[in-house]
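A look at the structure
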Amino acid sequence: MKSTSKLLTILSLSLGLIGASAFGINAQAKTTTVNYVSTTGKVLRAPITYTTKSTKSSYYYNPKASYPTSGAGYIKKIPGYLPHKVPQTYSASNMPTSLNVTYIKESTLAKKVDKQYLKQINAYRKTKGLKAFKHNASLKAKTVVRSKELWQKLSHVRPNGQSYNSNNSGYAECMAVLPAYFLPTGITTYNSGQGAILTYNSNGYVSYKRTAKTASHELLTCDALHRDTELNNWATYSEVAFSFHDDGSAKMAQLFEMANNPNTKM
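Residues numbered from 1 in each chain as written. Predicted model: local features only at pLDDT ≥ 70, side-chain atom pairs only at ≥ 80, totals over all residues. Heavy atoms only, no water.

1. A word on helix 3 (residues 137-149)
Applied cut-off: The numbering of helices and of strands both runs from the N terminus, where a helix is a DSSP run of H or I of at least 4 residues and a strand a run of E of at least 2. In this scheme, a helix's expected span is set at 1.5 Å multiplied by one less than its residue total. A 1.4 Å probe rolled over the protein chains alone gives each residue an accessible area, and that area as a share of the maximum for its type sets the label: buried under 20%, exposed over 50%, partly exposed in between. The arc in question is the one traced by the directions running from the helix axis out to the C-beta atoms. Polar contacts, as used here, are pairs of N or O atoms within 3.5 Å; protein pairs need one atom able to donate a hydrogen and one able to accept it. Residues neighboring in sequence count only if both atoms are side-chain atoms.
Its 13 residues place the ends of helix 3 19 Å apart at the C-alpha level, agreeing with the 18 Å of an ideal helix rising 1.5 Å per residue. When helix 3 is considered as a whole, its buried residues turn out to be Leu139, Lys142, Thr143, Arg146, Ser147 and Glu149. Considered in projection along helix 3, the buried side chains sweep an arc of 155° and stay on one side of the axis. With a side-chain oxygen positioned 3.0 Å from the backbone nitrogen of Ser138, the residue opening helix 3 is Asn136.

So this is what it looks like as structure tokens:
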């Protein structure tokens, strides 16, 4: 009788522990400190400490997403910067005590994506027997201005009411948009017809090449007019400029110019 009573007591205690564990009652809290730094080592904001109490909790980066989701917990928007390297998925049970989220300056990211974009366009032009576009510092400066103006007015008409090609100055222009918006449930995107997306590799690093390709692919395939502009045989120079915002969205402007253009004012 005593044996039976003892067995029932042990069984009852065991079931109680299992039930408590299942509902997270006895789950041990873990603390993780997340540091936010730039690629140059600059501290961008104060660290945030998270405490997890349930194994069902998770703070993660989804490598299948186009952009790190705002629902990930430790990904934060930082003005002037975008995530450069984000940690992989962690559950509450395997969260480290400390981790870094690395950010890259928007202007630095833009320059790297710019370079990849023109490299891709010139490679495609070569397959069509066309010469590669040459670089031009003055044209580059104009293109950077245009990429920033597109945030004010997404049009070939500039915010001041003039055409980008006023007085038949000899320019041609292409534009692409990288639409991305934060929602309470995370990030969402839409296809504007000239869309491109900030893209991350499966290892968590932003991909300059893949981000540029989303724009070059669109402009080479969305319609004949854009493709023909990219494959023109009259322009000697072409420059591109991406302009990013901290939510992952961006605008892109590309200008083309013939050699010895007598009208270089913009």
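Here the narrative resumes.
2. Considerations on the confidence of the model for the protein chain
Keep this limit in mind: Within a predicted model, pLDDT stands for the predictor's per-residue confidence, ranging from 0 to 100. Here, two residues are considered to be in contact whenever any of their heavy atoms come within 4.5 Å of each other.
Overall, the prediction assigns the protein chain a mean pLDDT of 75, with 68% of residues at 70 or greater. Mean pLDDT per element in the protein chain: helix 1 (residues 2-22) is the minimum at 39, and helix 2 (residues 106-127) is the maximum at 96. Low pLDDT (under 50) marks residues 4-26, which in the prediction has 4 contacts with non-local residues, meaning those over four places away or in another chain. Here residues 54-72 is modelled with pLDDT under 50, and outside its nearest four sequence neighbours on either side it reaches 62 contacts, counting other chains as well.

3. Thoughts on the packing of helix 2 against helix 4 (residues 208-221)
What counts here: Every angle, taken between N-to-C directions, lies between 0 and 180 degrees, and every axis is a line fitted to C-alpha atoms, over only the stretch in contact when it is a helix. An angle below 35 degrees is treated as roughly parallel, one above 145 as roughly antiparallel, one from 65 to 115 as roughly perpendicular, and anything else as oblique. Should the near helix be turned anticlockwise from the far one by less than a right angle, the crossing is left-handed, and should it be turned clockwise, the crossing is right-handed. As a working rule, the residues Ala, Val, Leu, Ile, Met, Phe, Trp, Tyr, Cys and Pro are called nonpolar, Asp, Glu, Lys and Arg charged, and the rest polar, with Gly in that last group.
The N-to-C vectors of helix 2 and helix 4 enclose an angle of 50°; their axes lie 8 Å apart at closest approach. Of the possible angle classes, the one that applies to helix 2 and helix 4 is oblique. Considering how the two elements wind past one another, helix 2 and helix 4 form a crossing that is right-handed. Contacts from Leu109, Lys112, Val113, Gln116, Tyr117, Gln120, Ile121 and Tyr124 of helix 2 reach helix 4 at Tyr208, Lys209, Thr211, Ala212, Lys213, Ala215, Ser216, Leu219 and Leu220. Looking at the contact of helix 2 with helix 4 residue by residue, the classes come out as 10 nonpolar, 4 polar and 3 charged.

4. What about the packing of aromatic side chains?
To keep it simple, the criterion reads: Stacked, edge-to-face and tilted are the three classes for Phe, Tyr and Trp ring pairs, Trp counted by its six-membered ring, which pair at centre distances within 6.5 Å; planes under 30 degrees apart are stacked, over 60 edge-to-face, the rest tilted. Two conditions define a charge located above a ring, namely a distance within 6 Å from the ring centre to NZ of Lys or CZ of Arg, and an angle within 35 degrees of the ring normal.
Under the criterion given, the structure shown has 4 aromatic pairs. Their ring planes at 45° and their centres at 6.2 Å tell us that Tyr36 and Tyr103 sit as a pair that is tilted. Placement of Tyr36 in strand 1 (residues 30-38) and of Tyr103 in strand 6 (residues 98-105) is noted, with a sequence separation of 67 residues between them. Consider the rings of Phe133 and Phe256, whose centres lie 5.5 Å apart with planes at 65°: the pair is edge-to-face. Here Phe256 lies in strand 11 (residues 250-257) and Phe133 lies in the loop between helix 2 and helix 3, a separation of 123 residues in the sequence. Neither Phe133 nor Phe256 differs from the other in exposure class; each is buried. An aromatic cluster of at least three residues, connected via ring pairs, comprises Tyr117, Phe242 and Phe244. A cation sits over an aromatic face here: Lys85 above Tyr205, 5.3 Å from the ring centre. Positioned over the ring face of Phe133 is Arg125, at 3.9 Å from the centre of the ring.

5. Remarks on the environment of Met95
Tracing the backbone through its elements, the reader meets Met95 in the loop between strand 5 (90-91) and strand 6. According to the relative accessible area criterion, Met95 is buried, its value standing at 4%. Here the alpha-carbon distance between Met95 and Thr51, two residues 44 residues apart in the chain, equals 9.9 Å.

6. So, the nonpolar core
Here is the rule we go by: Only buried residues count toward a nonpolar core. Its members are Ala, Val, Leu, Ile, Met, Phe, Trp, Tyr and Cys residues joined through side-chain atoms within 4.5 Å.
Counting 26 residues, the largest nonpolar core has Leu109, Tyr117, Leu198, Phe242, Phe244 and Met252 as the members making the most contacts within it. Counting only elements with at least two residues in this core, the list comes to helix 2, strand 7 (171-178), helix 4, strand 10 (237-244) and strand 11. Among the elements that line this core, the one with the most residues is helix 2, at 6 residues. Non-local contacts of Met252, meaning those with residues more than four positions away in its chain, are made with Tyr117, Leu150, Cys174, Met175, Ala176, Ala215, Leu219, Val240, Ala241 and Phe242. Counting residues in hydrophobic clusters, the runner-up holds 14 residues, among them Tyr81, Val86, Met95 and Val101.

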